[in-house]
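Coordinate inspection notes
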Amino acid sequence: MSFKKNIIAFFAISILGTLGHFIYKWSGENYLVGLIFPVNESVWEHLKLLFFPTLIYSAGEYLLTKEKPKNYLASLTIGLFCGMFSIVTIYYIANGIFGYDIEFINIASYYVAIIIMLYKKNKIILSEKYSLKAAKIVFASILLIMAILFMFWSHNPPSIGIFTPPMPI
């Protein structure tokens, strides 16, 4: 993917995700809206801000691309997981160092995650790895399962720290 396309992707996903942070509240806490947009301030819910805007952008990107990479689903899935992993890692390292939530770091980690996701996605597309038909099925299944888990756990979260909103100071 060209530098120009990466810049467009970065800003499109950033804008969608940033707006997504507020949509649940703006909707009057609509149950269906909460399936896709964060319903609280937990780390898990904030991963939706990367996951769903990237899926939306990537669907459009794929439909508009003339030469479709055979490993697009693999690159998207692996890129998303790398980006989400970076959000979780940065959050817990910063929280461990400082002992509390620092909003600036949380926000910055989101934009860093988008860059990591796009970088990894592009590296995999260029490598042409995971191009077999079976890989497409596996990676499409992983994305579907992840989307279902995001939706299910929005209103039915397990009692695990990543699903718990941080305590105010």
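Heads up: the structure comes first, above all this text.
Everything in this summary refers to the structure shown in the same document. (Residues numbered from 1 in each chain as written. Predicted model: local features only at pLDDT ≥ 70, side-chain atom pairs only at ≥ 80, totals over all residues. Heavy atoms only, no water.)

1. Description of the overall build of the protein chain
The helix and strand inventory of the protein chain stands at five helices and zero strands. Secondary structure elements in the protein chain, listed N-terminal to C-terminal, are α-α-α-α-α. The C-alpha atoms of the protein chain give a radius of gyration of 16 Å, which matches the 15 Å a tight globule of 169 residues would have. The principal-axis extent of the C-alpha atoms belonging to the protein chain is close to 50 × 35 × 25 Å. Here the protein chain, with 169 residues, has 38% of them falling under the buried criterion. At a minimum sequence separation of 6, the contacts of the protein chain that also span at least 24 residues come to 76%. Surface exposure of the protein chain reaches about 9,900 Å², of which carbon and sulfur atoms provide 74%. (Helix = DSSP H or I, 4+ residues; strand = E, 2+ residues; numbered from the N terminus. Rg over C-alpha atoms; globule rule 2.2 N^0.38 Å. Buried < 20%, exposed > 50% of the residue type's maximum accessible area, 1.4 Å probe, protein only. Contact = heavy atoms within 4.5 Å. Areas by Shrake-Rupley, 256 points an atom, 1.4 Å probe, with all protein chains shown as cover.)

2. Section: the nonpolar core
Leu50, Phe51 and Phe150 are the most contacted members of the largest nonpolar core, which has 27 residues in total. Elements represented by at least two residues in this core include exactly helix 1 (3-26), helix 2 (43-64), helix 3 (72-98), helix 4 (103-127) and helix 5 (133-155). Here the element with the most residues in this core is helix 2; it accounts for eight residues. Other than its neighbours up to four places away in sequence, Phe150 contacts Leu35, Trp44, Leu47, Lys48, Phe51, Phe52 and Met84. (Core = buried A, V, L, I, M, F, W, Y, C linked by side-chain atoms within 4.5 Å.)

3. A look at the packing of helix 1 against helix 4
In the contact formed by helix 1 and helix 4, the axes pass within 10 Å of each other and the chain directions differ by 140°. Here helix 4 runs oblique to helix 1, going by the angle between their axes. For the element pair helix 1 and helix 4, the recorded crossing hand is right-handed. Of the residues in helix 4, those in contact with Asn6, Ala9, Phe10, Ile13, Ser14, Gly17 and Thr18 of helix 1 are Tyr110, Tyr111, Ile114, Ile115, Met117, Leu118 and Asn122. (Axes fitted to C-alpha atoms, helices over the stretch in contact; angles between N-to-C directions. Parallel < 35°, antiparallel > 145°, perpendicular 65-115°, else oblique. Left-handed = near helix turned anticlockwise from the far one by under 90°.)

4. Focus: the packing of aromatic side chains
Under the defined criterion, the tally for this structure stands at 14 aromatic pairs. Seen from their ring centres, Phe51 and Phe52 are 5.0 Å apart, and the 90° between their planes marks the pair as edge-to-face. With relative accessibility at 0%, the residue Phe51 sits in the buried group. On the basis of relative accessibility, which here comes to 7%, the residue Phe52 falls in the buried class. Ring centres 5.2 Å apart and planes at 80° place the aromatic pair Trp153 and Phe163 in the edge-to-face group. With a gap of ten residues between them, Trp153 in helix 5 and Phe163 in the segment after helix 5 connect regions that are remote in the sequence. What makes Phe163 buried here is its relative accessible area of 9%. Here the aromatic cluster, defined as three or more aromatic residues joined through ring pairs, consists of Trp44, Phe51, Phe52, Phe150, Trp153 and Phe163. One cation-aromatic arrangement involves Lys68 over Tyr62; the distance from NZ or CZ to the ring centre is 5.0 Å. (Phe/Tyr/Trp six-rings, centres within 6.5 Å; stacked < 30°, edge-to-face > 60°. Lys NZ or Arg CZ within 6 Å of the ring centre and 35° of its normal.)

5. Points about a nonpolar patch on the surface
A cluster of nonpolar residues, Phe3, Ile7, Phe11, Ile15, Leu19, Phe22 and Trp26, forms a patch on the protein surface that exposes about 790 Å² of accessible area. Following the sequence through the fold, Phe22 ends up in helix 1. (Patch = residues over 30% accessible without salt bridge, like charges linked within 9 Å, V, L, I, M, F, W, Y side chains within 5 Å. Salt bridge = Lys/Arg side-chain N within 4 Å of Asp/Glu carboxyl O.)

6. A word on the pattern of salt bridges
This model, assessed by the stated rule, comprises three salt bridges. For Lys121, the salt bridge goes to Glu61, with nearest N and O atoms at 2.7 Å. Here Lys121, found in helix 4, pairs with Glu61, found in helix 2; they are 60 residues apart in sequence, far enough to count as distant. By the burial criterion, Lys121 is buried, and Glu61 matches it.

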